[in-house]
Amino acid sequence: MKRVLAALGLAVGMSAVAAGPAAADDNVVLQLKWVTQAQFGGYYVAQDKGFYEEAGLDVEIKPGGPDIAPEQVIAGGGADVIVDWMPAALAARERGVPLVNIAQPFAKSGMELTCLKETGITKPEDFKGKTLGVWFFGNEYPFLSWMSHLDIPTTGGEDGVTVIKQGFNVDPLIQKQADCISTMTYNEYWQVIDAGIPEDELVVFKYEDQGVATLEDGLYVMEENLQDPEFVDKMARFVKASMKGWDYAREHPDEAAEIVLDNDETGAQTEKHQKRMMREINKLTEGSDGTLNVEDYDRTVKTLLEGGSDPVITKEPEGAYTTAVTDKMKEM
């Protein structure tokens, strides 16, 4: 019944578009950073509720995964716009893939370090002599910058920390192979809870609170496409409709989670986890209209440049973001 109603709504939406100024929808291919989950709820909501169609857009949402690099997909012509974390996007830009941030739906970072209270860690200075699980593939740079600020070596020893490369799971903490592990507020943290470790037995350090957070889940396009006014207009409509989807997700989190589940072709996601994730994700998009905060951009760049002996970028980026799309969006 739900799908029938959705189909009827789709037909009405298409009639409205056909009757309006945009008789034919513009195609947009969106490549996600990861698999279908509430992390991308706003886009699925915008599609399901007809917000894209109202904007004269036909949007294809392509899920990501462990073997899919959004930067490579868009560079190869497989997408018009991608969801990416800024460290990866800036690294790709320095390597010759001219990605440009056109919007920033996520106003805050969800990255954190979660520790077992029994280790005696109560503050960052207590990391000395401990073993910490860290995600790599570009996700390690905020951590390395943080340790650099604390003047804590990442080469082990009593005055340093031992770093283990953490997979995309929480096993090192559960099996007590690490004193702390990397988690996201909306995903792995809750996997720890579900594994049987109660919240009162954990100590959490949010990267936002430590001043070393980097921007996550921004929207990026290829620089050359921004020279086309029609492409800028299309992206402005896309961002506006997407933010409408995120606004709806905040107002109706459970319904948004159900929409995500409807789009999960793998069947791997659970209702409990997606509803919980949607509520946590909504905290990260709250207050954002899609416009990039330049101060947050500057902090991200500074953090990446200070990422230890092997920084993700080696010089200040030029032209890595534009306000042309969100400026156009605000005129609509």
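The preceding data block contains the structure.
Residues numbered from 1 in each chain as written. Predicted model: local features only at pLDDT ≥ 70, side-chain atom pairs only at ≥ 80, totals over all residues. Heavy atoms only, no water.

(A) Fine view of the overall build of the protein. Of regular secondary structure, the protein possesses 14 helices and 10 strands. What you see for the protein is a C-alpha radius of gyration of 21 Å, in line with the 20 Å of a compact globule of 332 residues. Every one of the 332 residues in the protein was classed for burial, and the buried ones make up 52%. Long-range pairs, those at least 24 residues apart, make up 78% of the contacts in the protein with a sequence separation of at least 6. The centroid of the 30 positive side-chain charges in the protein is displaced by 3 Å from the centroid of its 57 negative side-chain charges. (Helix = DSSP H or I, 4+ residues; strand = E, 2+ residues; numbered from the N terminus. Rg over C-alpha atoms; globule rule 2.2 N^0.38 Å. Buried < 20%, exposed > 50% of the residue type's maximum accessible area, 1.4 Å probe, protein only. Contact = heavy atoms within 4.5 Å. Lys, Arg positive; Asp, Glu negative; His and termini not counted. Charge placed at Lys NZ, Arg CZ, Asp CG, Glu CD.)

(B) Region of interest: the packing of helix α10 (residues 229-251) against helix α14 (residues 324-331). Relative to each other, α10 and α14 sit at 70°, their axes nearing to 8 Å. Taken together, the axes of α10 and α14 lie roughly perpendicular to each other. Note that α10 runs across α14; the crossing there is right-handed. Only Ala 324, Val 325, Lys 328 and Met 329 of α14 make contact with α10, whose side of the interface consists of Val 232, Asp 233, Met 235, Ala 236, Val 239 and Lys 240. (Axes fitted to C-alpha atoms, helices over the stretch in contact; angles between N-to-C directions. Parallel < 35°, antiparallel > 145°, perpendicular 65-115°, else oblique. Left-handed = near helix turned anticlockwise from the far one by under 90°.)

(C) View of the pattern of salt bridges. A full pass over the atoms with the stated rule returns 19 salt bridges. With a shortest N-O distance of 3.7 Å, Lys 33 and Asp 84 are connected by a salt bridge. Residue Lys 33 is found in the loop between β1 (26-31) and α2 (41-48), and its partner Asp 84 is found in strand β3 (residues 81-84); the two are separated by 51 residues along the sequence. In this structure Asp 84 comes out as buried when scored by relative accessible area, which is 0%. When salt bridges that share partners are traced, they join Asp 26, Asp 233 and Arg 237 into one network. (Salt bridge = Lys/Arg side-chain N within 4 Å of Asp/Glu carboxyl O.)

(D) Layout of the state of the cysteines. Under the counting rule described, the total for this entry stands at 1 disulfide. Sulfur-sulfur distance for the disulfide between Cys 115 and Cys 180 comes to 2.2 Å. A torsion of 105° about the S-S bond marks the disulfide between Cys 115 and Cys 180 as right-handed. Of this pair, Cys 115 sits in strand β5 (residues 111-116) while Cys 180 sits in strand β8 (residues 180-184), placing them 65 residues apart in sequence. The class of Cys 180 is buried, set by a relative accessible area of 0%. (Disulfide = S-S within 2.5 Å.)

(E) Structural detail: the sheet that holds strand β4 (residues 99-103). Taken together, 5 strands build an open sheet; the order of strands is β2-β1-β3-β10-β4 and the sheet is mixed. Across the chains shown, the open sheet's two edge strands, defined by having one partner strand only, are β2 (57-62) and β4. Averaged over all pairs of adjacent strands, the angle between their axes in this sheet comes to 35°, without regard to strand direction. Both β4 and strand β10 (residues 218-222) contribute to a ladder of 4 bridges, which runs antiparallel. Bridge assignment links Asn 101 to a residue of β10, and that residue is Tyr 220. Taken strand by strand, α10 contacts β1, β2, β3, β4 and β10, and its axis lies near 65° from that of β1. (Pairing = 2+ DSSP bridges.)

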